[in-house]
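Now for the letters of each chain:
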Amino acid sequence: MGSLRLRFTAADAQAPVANYERTLDLADAIARISYMQEGVKFTREAFVSQPDEALLLRLSADRPGRISFDARLERPERSSVSTAAGGLELRGQLNDGRQGDQGVRFAARLAVRNTGGTVTVEGDVVRVRNANEVVLLVTAATDIKSFAGRKVEDARSAAAADLRAVAAWDYAAARRE
């Protein structure tokens, strides 16, 4: 459907990395990455909440104010990105294969929950600066009609509703869900 792109913007974001570790906890279905950079331990955790139809990505550092990045939702064709409810929305429609406008419609939403620092939305970019911890919430939907999966009439409404539902939870509660 599309990509979530993070570009880290801190002055030392390109500094060498040490003690890089990547794990997949199958019991809890959580992917983790941790590493040291300029004396700071950074950790990223990601999981998908099936009940909430959402991806949650938590970024943290063991020193305050060390998380700074720009986030984008991208797709190379047949899509647009706009500001939506303090985050971003990617939406579009595929060609139906007959040069018509009956192709699958899709939508994705991105919201940011930060502890410390600032979050601003400028055009098609969410900018996070000097945060202590950030949780990215990503939802997506299509209106494809198939024998399996969700039956969605409006992909944009479904992605927005999923985002509202998962945003009601804090990270720890969503992990337990």
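Our subject is the structure that appears above.
Report on the accompanying structure. Since the model is a prediction, treat every value here as computed from it, not as a measurement.

## A few points about the sheet that holds strand 6 (residues 67-74)
Reasoning step 1: Strand order in the open sheet formed by four strands is 1-6-11-10, and the pairing between neighbours is antiparallel. Lying at the two open borders of the sheet, with one neighbouring strand each, are strand 1 (3-8) and strand 10 (118-122). Strand-to-strand twist in this sheet, taken as the mean axis angle between neighbours without regard to direction, amounts to 20°.

## Some remarks on the pattern of salt bridges
Reasoning step 1: Within this structure, the stated rule accounts for 13 salt bridges.
Reasoning step 2: R5 is the salt-bridge partner of E74, the closest N and O atoms lying 3.0 Å from each other. Note that E74 is positioned in strand 6 and R5 in strand 1, a separation of 69 residues in sequence.
Reasoning step 3: The class for R5 is partly exposed, based on a relative accessible area of 47%.
Reasoning step 4: The residue R72 makes a salt bridge to D124 at a minimum N-O spacing of 4.0 Å.

## Looking at helix 1 (residues 155-167)
Owing to its 3.6 residues per turn, the α-helix brings residues three or four apart onto one side.
Reasoning step 1: In this model helix 1 runs 18 Å from its N-terminal to its C-terminal C-alpha over 13 residues, within 8% of the 18 Å that 1.5 Å per residue would give.
Reasoning step 2: For helix 1, the N-terminal capping position is held by D154, with its side-chain oxygen 3.1 Å away from the main-chain nitrogen of R156.

## Focus: the sheet that holds strand 7 (residues 79-84)
Reasoning step 1: Ordered in space as 2-3-4-5-12-9-8-7, the eight strands form an open sheet in which the pairing is antiparallel. The open sheet has two free edges, formed respectively by strand 2 (17-25) and strand 7, since each of these has just one partner strand. Taking each pair of neighbouring strands and ignoring which way they run, the sheet shows an average axis angle of 15°.
Reasoning step 2: By the bridge criterion, seven bridges tie strand 5 (residues 54-61) to strand 12 (residues 133-142) in an arrangement that is antiparallel. Bridge pairing in strand 12 places L56 opposite L137.
Reasoning step 3: The strands touched by helix 1 are strand 5, strand 8 (87-93), strand 9 (105-115) and strand 12; relative to strand 12, the strand with the most contacts, the crossing angle is about 150°.

## A word on the nonpolar core
Reasoning step 1: Grouped together as the largest cluster of nonpolar side chains are 22 residues, with contacts concentrated most on I67, F69, L110, V126, V128, V134 and L136.
Reasoning step 2: Of all the secondary structure elements, the ones that give two or more residues to this core are strand 4 (40-49), strand 5, strand 6, strand 8, strand 9, strand 11 (125-131) and strand 12.
Reasoning step 3: Ignoring any residue separated from it by four or fewer positions in sequence, one finds L110 in contact with L4, A71, L73, G87, L88, V126, L136, L137 and V138.
Reasoning step 4: Among the nonpolar cores identified, the runner-up in size contains eleven residues, and I30, V135, L163 and Y171 belong to it.

How each quantity is defined
Residues numbered from 1 in each chain as written. Predicted model: local features only at pLDDT ≥ 70, side-chain atom pairs only at ≥ 80, totals over all residues. Heavy atoms only, no water. Pairing = 2+ DSSP bridges. Helix = DSSP H or I, 4+ residues; strand = E, 2+ residues; numbered from the N terminus. Axes fitted to C-alpha atoms, helices over the stretch in contact; angles between N-to-C directions. Salt bridge = Lys/Arg side-chain N within 4 Å of Asp/Glu carboxyl O. Buried < 20%, exposed > 50% of the residue type's maximum accessible area, 1.4 Å probe, protein only. Expected span 1.5 Å × (residues − 1). Polar contact = N/O pair within 3.5 Å; in protein donor to acceptor, adjacent residues only side chain to side chain. Contact = heavy atoms within 4.5 Å. Core = buried A, V, L, I, M, F, W, Y, C linked by side-chain atoms within 4.5 Å.

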